[in-house]
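Observations on the model geometry
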Amino acid sequence: MSPASASSSAQAARRALAVRLQNLRRDARLNGRELSERCGWHPAKTSRIQDGKVAPSEADIRAWCVACGAEDQVADLIAASRSVESMYVEWKRLKSAGLRNLQESYTALYEQTQLFRFYTSDVIPGVLQTSAYVRAIMSRSAGTSHSEEDMEQAIATKMERAGIIHRGMHRFLFLLEESVLRYRLGDAETMAGQLGHLLTVMSLPRVSLGVIPFAARRTLWPVESFRVYDESRVQVELVTAAVNVTAPNEVRQYLDTFSELHGMALYGAKARMLIGDAIAALE
């Protein structure tokens, strides 16, 4: 996704919520004035909500659904509304508090999650990264706005969080496009160490790692990298922002996408062979 489309993500999400509310009204065969009367507010408010100019409150959504006889839609629409408010968080704002604080912001979510699903089409997933690989990535993205000390603290925090793969009863499902194994983020030594680390973690009992090969017969093209926390939240990292998805129907779409991609991947010895080929190509 390009930066231009990323910058309009929140606006598009607000519009999508407005369209869903508008469709409920139409399905109930109500015009705007009739719905407004049932909800007990001015028709102008209905128009502003339907046009996506005003974000409805949770009370507004409940009233709207009751007026349309669609009480069963309340929970999903409220979840979608909350997602709109929190989905688009600019990296610039997150990083302004320091790279270390950015890394620490993930800690609680990681500890609470029982089942992680990672799909990546760009870089090795964070919990599988070596410190050298992390440093290669951060040195490119940090620029001159953060000190060397801040970056080193951020790396240490990230590596500490990555230790979650060795503790507790968390389970991890990883899907990597073969191209991820070939992208050189760092020098040959860094990449060799990172790929070798993948071979090591594959043997962990609560880890499943699959690689979708270049030669796979695809039923779905490569999509944006995403991670799913249990079945309640999806996070997508864009160039300019982090997009958080919590609406149940949207989370389900990502779960279905993960399942379809899972069916195209190779595992075990075949996946190890692809990783080994990528290591050999570094020479």
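Residues numbered from 1 in each chain as written. Predicted model: local features only at pLDDT ≥ 70, side-chain atom pairs only at ≥ 80, totals over all residues. Heavy atoms only, no water.

**Regarding the pattern of salt bridges**
Put simply, the rule is: By definition here, a salt bridge exists when the distance from a side-chain nitrogen of Lys or Arg to a carboxyl oxygen of Asp or Glu is within 4 Å.
Within this structure, the stated rule accounts for 10 salt bridges. Look at the salt bridges and you will find they share partners, linking Arg117, Glu231, Arg252 and Asp256 into a network.

**Some thoughts on the nonpolar core**
The condition that has to hold: We define a nonpolar core as any set of buried Ala, Val, Leu, Ile, Met, Phe, Trp, Tyr and Cys residues linked to one another through side-chain atoms lying within 4.5 Å. Each residue gets one of three labels from its accessible area relative to the maximum for its type: buried under 20%, exposed over 50%, partly exposed in between, using a 1.4 Å probe on protein chains only. Where helices and strands are cited, they refer to DSSP runs of H or I of at least four residues and of E of at least two residues respectively, numbered from the N terminus. Contacts: residue pairs with any heavy atoms within 4.5 Å of one another.
Leu128, Phe172, Phe174, Leu181, Leu198 and Leu209 are the most contacted members of the largest nonpolar core, which totals 29 residues. Mapped onto this core, the elements with two or more residues apiece are helix 9 (107-112), strand 2 (115-120), strand 3 (171-177), helix 12 (178-182), helix 13 (188-201), strand 4 (207-212) and helix 15 (268-280). With residues near it in sequence (within four places) discarded, Phe174 still touches Phe118, Pro125, Val127, Leu128, Ile165, Val207, Ser208, Leu209 and Gly210. The next biggest cluster of nonpolar side chains, apart from the first, holds 21 residues, and it includes Ile212, Val245, Phe258 and Met264.

**Section: the packing of helix 3 (residues 32-39) against helix 5 (residues 58-67)**
The line we're drawing: Between N-to-C directions, angles cover 0 to 180 degrees, with each direction set by a line fitted to C-alpha atoms, over the stretch in contact for helices. Working rule for handedness: look at the near helix, and if it is turned counterclockwise from the far one by less than a right angle, call the crossing left-handed; if clockwise, right-handed.
At a minimum axis distance of 9 Å, the contact between helix 3 and helix 5 shows a crossing angle of 115°. Pair helix 3 / helix 5 crosses with right-handed handedness. Two secondary-structure elements touch here, helix 3 through Leu35, Arg38 and Cys39 and helix 5 through Ala63, Trp64 and Ala67.

**Digging into the packing of aromatic side chains**
For the record, the criterion: Two rings from Phe, Tyr or Trp (for Trp, the six-membered ring) form a pair when their centres sit within 6.5 Å of each other. Planes less than 30 degrees apart are called stacked, planes more than 60 degrees apart edge-to-face, and all others tilted. Throughout this description, the term charge over a ring refers to an Arg CZ or Lys NZ atom that lies within 6 Å of the ring centre and within 35 degrees of the ring normal.
Applying the stated criterion to the full structure yields 10 aromatic pairs. Here the aromatic rings of Phe116 and Phe118 are separated by 5.9 Å at their centres, their planes lie at 15°, and the arrangement is stacked. Cluster of aromatic residues (ring-pair linked, three or more members): Tyr110, Phe116, Phe118, Phe172, Phe174 and Tyr229. Taking the ring centre of Tyr110 as reference, the NZ or CZ of Arg161 above it sits at 4.9 Å.

**Structural notes on helix 5**
The line we're drawing: This arc is taken over the directions from the axis of the helix to the C-beta atoms.
Taken as a whole, helix 5 has its buried residues at Asp60, Ile61, Trp64, Cys65 and Ala67. Looking straight down helix 5, one finds that the buried residues subtend no more than 160° of arc, so they occupy a single side. Backbone geometry just downstream of helix 5 places Gly69 in the positive-phi region, at approximately 65°.

**Comments concerning the confidence of the model for the protein chain**
Defined as follows: The pLDDT score gives, residue by residue, the confidence of the prediction method on a 0 to 100 scale.
In this model, the protein chain carries an average pLDDT of 85, and 83% of its residues clear a pLDDT of 70 or more. Contacts from residues 1-8, a stretch scored under 50 in pLDDT, to residues over four places away or in other chains number 10 contacts. Across residues 97-103, confidence stays below pLDDT 50; counting only partners more than four residues off in sequence or on other chains, it has 19 contacts.

**Things to note about helix 13**
Because each turn of an α-helix spans 3.6 residues, side chains separated by three or four positions in sequence point in the same direction. To keep things clear, this is the line we draw: The length a helix should cover is 1.5 Å for every residue beyond the first.
The end-to-end C-alpha distance of helix 13, which contains 14 residues, comes to 20 Å, matching closely the 20 Å that a straight helix rising 1.5 Å per residue would cover. What helix 13 keeps buried is the set Thr190, Met191, Gln194, Leu195, Leu198 and Val201. Mapping the buried residues of helix 13 onto a view down its axis gives an arc of 125°, with all of them on the same face. Summarising the geometry of helix 13, the exposed residues directed more than 90 degrees from the buried face are Glu189 and Thr200.

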